[in-house]
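Close look at the chain arrangement
As a plain string of letters, each chain reads:
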Amino acid sequence: MPMRTEDPDMLFDRAAGRRGLLRGAGLAAMGAALGMAMPFGRYLPQGMLPLALAQGGKGPQLLDYPGKDKGLVVLGDKPLVAETPEYLLNDDTTPADKFFIRNNGQIPDAAKDPDGWKITVEGEVDKTLELTLGQLKQRFPAQTHRMVLECGGNGRAFFTPPGRGNQWTNGGIGCAEWTGVKLADVLHAAGLKDSAKFTGSWGTDPHLSGDPAKRAISRGNVLAKSLEPHTMIVWAMNGQPLPNINGGPVRLLVPGWPGSLSTKWLSHVLVRATPHDGQGMGGTSYRVPVTPIVPGSSNDGKSFRDLEAMPIRSIVTAPANGTKLAAGTRSLALRGAAWGSAVGVARVEVSVDFGQTWQQAAMTPPRNPFDWVRWTHAMPLPSDGYFEVWSRATDRNGVTQPIVAANWNPQGYGSNPINRIAVLVG
Ligand SMILES: Nc1nc2c(c(=O)[nH]1)N[C@H]1C(S)=C(S)[C@@H](COP(=O)(O)O)O[C@H]1N2
Ligand SMILES: [Mo]
């Protein structure tokens, strides 16, 4: 039975003090700093520090927000942004209290009359449509799908030098069951003109400055993705009314693409002939290089492309990073998740010898193309000591997660290195 240390950061704090000694250090010195043997140390790639030594410093700031798990990690408080550590993503379906939070502006007050909430659809349509949430529920067939919502900046913290923005590790992601209607049904009800090629959307959250002339965020999409049957206007999460902090009473859910497209507190959908030009569009916003650029260089992003499907990614959700196991433990029960890529997850592999050998995990098939894959594996351990569990997913095109974040860009999108967690046996 795996046991968590009282304070998972303790290991890292202890090690951090000795970090300075490690520049160019050999294996023996690393082992000494860790306070235990590193059985597969000979396979540690040169220049890579063991995770327990690379982390360290002060522990994370934990969230205190009504209805949210106190283990969520605050990445910013103005606006409020919090990520879900891997070990809190161990549920097959992410509960609302563990679902990450990403705001760009202020948090609006909870709606007093949810069914009276108004949504306007306008632009390149035959007639402007004004619908209340109550009418939306009555007029169009509802559907429920378990699907991933992931921030476009997830993994940003792994870039060197760091990308601009919230330093997400792997926790800007959740996979919940969403209930709502197809955005396509609503767009067709308004009647799409031949000129309709793009959409834009925004919600009611005030700009951080409070200036009513400014929007917190407004993003746009290509019409094809807006018409994709899994792109929805949703009002329920896991069978319960959508929490205000996650966009309730009603939001867009554009699965598998950058979370920023999934407009919370949805009030307007604008159908356009040309790409949307709202805040969060153009330049280096939600855009990635087509050909690699020099890390740390400046760039206007003109030659970049919009980030569409999020990259392939996997995480280990059990045991928790920093877990201590009893001496003599020789099999590690691993659990995790994998998602991303436009073509789906083909396989998940795990390694405990710094990537020298990989073993294939058993996967539960996804329920739909935007659901995550849950995986398990019983990993044999040769001895006591310090181990790192590495996980990597490969998509159906054969694209695998890189060992370290690749394709650097100024705002740090699309970083998807392999996932690493540390465990101590004995
Ligand atoms: N109105 C509005 N919608 C928004 C945002 C926002 O700040 N305001 N943030 C976006 C971003 S960047 C992400 S990653 C997701 C996060 O959704 P969540 O807070 O429910 O996790 O919402 C998106 N929709
Ligand atoms: Mo995001």
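Everything here concerns the structure above.
The structure contained in this document is the topic of the report that follows.

What counts and how
- Residues numbered from 1 in each chain as written.
- Chains lettered and ligands numbered in written order.
- Predicted model: local features only at pLDDT ≥ 70, side-chain atom pairs only at ≥ 80, totals over all residues.
- Heavy atoms only, no water.
- Pairing = 2+ DSSP bridges.
- Helix = DSSP H or I, 4+ residues; strand = E, 2+ residues; numbered from the N terminus.
- Buried < 20%, exposed > 50% of the residue type's maximum accessible area, 1.4 Å probe, protein only.
- Lys, Arg positive; Asp, Glu negative; His and termini not counted.
- Salt bridge = Lys/Arg side-chain N within 4 Å of Asp/Glu carboxyl O.
- Contact = heavy atoms within 4.5 Å.
- Phe/Tyr/Trp six-rings, centres within 6.5 Å; stacked < 30°, edge-to-face > 60°.
- Lys NZ or Arg CZ within 6 Å of the ring centre and 35° of its normal.
- Axes fitted to C-alpha atoms, helices over the stretch in contact; angles between N-to-C directions.

Moving on, we come to the sheet that holds strand β3 (residues 101-102). Strand order in this open sheet of 3 strands is β1-β2-β3, and the pairing throughout is antiparallel. Either end of the sheet is taken by a strand with one partner, and the two such strands are β1 (73-77) and β3. Both strand β2 (residues 80-83) and β3 contribute to a ladder of 2 bridges, which runs antiparallel. Bridge pairing in β3 links A82 to I101.

Checked against the element boundaries, D205 lands in the loop between β8 (198-203) and β9 (219-222). One buried charged residue, D205, forms no salt bridge at all, with the nearest opposite charge on K264 at 6.9 Å. Not counting the four nearest positions on each side in its chain, D205 is found in contact with G105, Q106, P108, A216 and W265.

A few words now on the pattern of salt bridges. Taken as a whole and assessed by the stated rule, the structure comprises 15 salt bridges. The closest approach of N and O atoms between D300 and K302, which form a salt bridge, is 3.5 Å.

Bringing the packing of aromatic side chains into the picture now. Throughout the structure, instances matching the rule amount to 8 aromatic pairs. Aromatic side chains F354 and W390 sit 5.8 Å apart centroid to centroid with 80° between the ring planes, which places their arrangement in the edge-to-face category. Here F354, found in the loop between β19 (345-351) and β20 (359-360), pairs with W390, found in strand β23 (residues 385-395); they are 36 residues apart in sequence, far enough to count as distant. W390 gets classed as buried once you look at its relative accessible area, which sits at 0%. The structure contains a cluster of three or more aromatic residues connected by ring pairs, namely F99, F100, W168 and W178. Above the ring of W202, the side-chain terminus of R215 is found at 4.1 Å from the ring centroid. Sitting over the face of the ring of W358, R392 holds its NZ or CZ atom 4.0 Å from the ring centroid.

Bringing the sheet that holds strand β4 (residues 118-123) into the picture now. Pairing within the open sheet is mixed, and its 5 strands lie in the order β5-β4-β13-β8-β9. Lying at the two open borders of the sheet, with one neighbouring strand each, are β5 (129-132) and β9. The sheet shows a mean angle of 20° between the axes of neighbouring strands, direction not considered.

Take unusual backbone geometry next. In most cases, non-glycine residues show a negative phi, while peptide bonds are predominantly trans. A cis amide bond, omega 5°, links K78 with the succeeding residue P79. Following A318, the chain continues into P319 via a peptide bond in cis, with omega recorded as 0°. Summarising the element assignment, P319 is placed in the loop between β16 (313-318) and β17 (323-325). For N238, which is not glycine, the phi torsion reads 55° and is therefore positive. Residue position: N238 is located in the loop between β10 (232-237) and β11 (240-241). Look at S341: it is not a glycine, yet its phi comes out positive at around 75°. Position of S341 among the secondary structure elements: in the loop between β18 (331-339) and β19. We classify S341 as buried; its relative accessible area is 16%.

The values are spatial; any link to function lies outside them.
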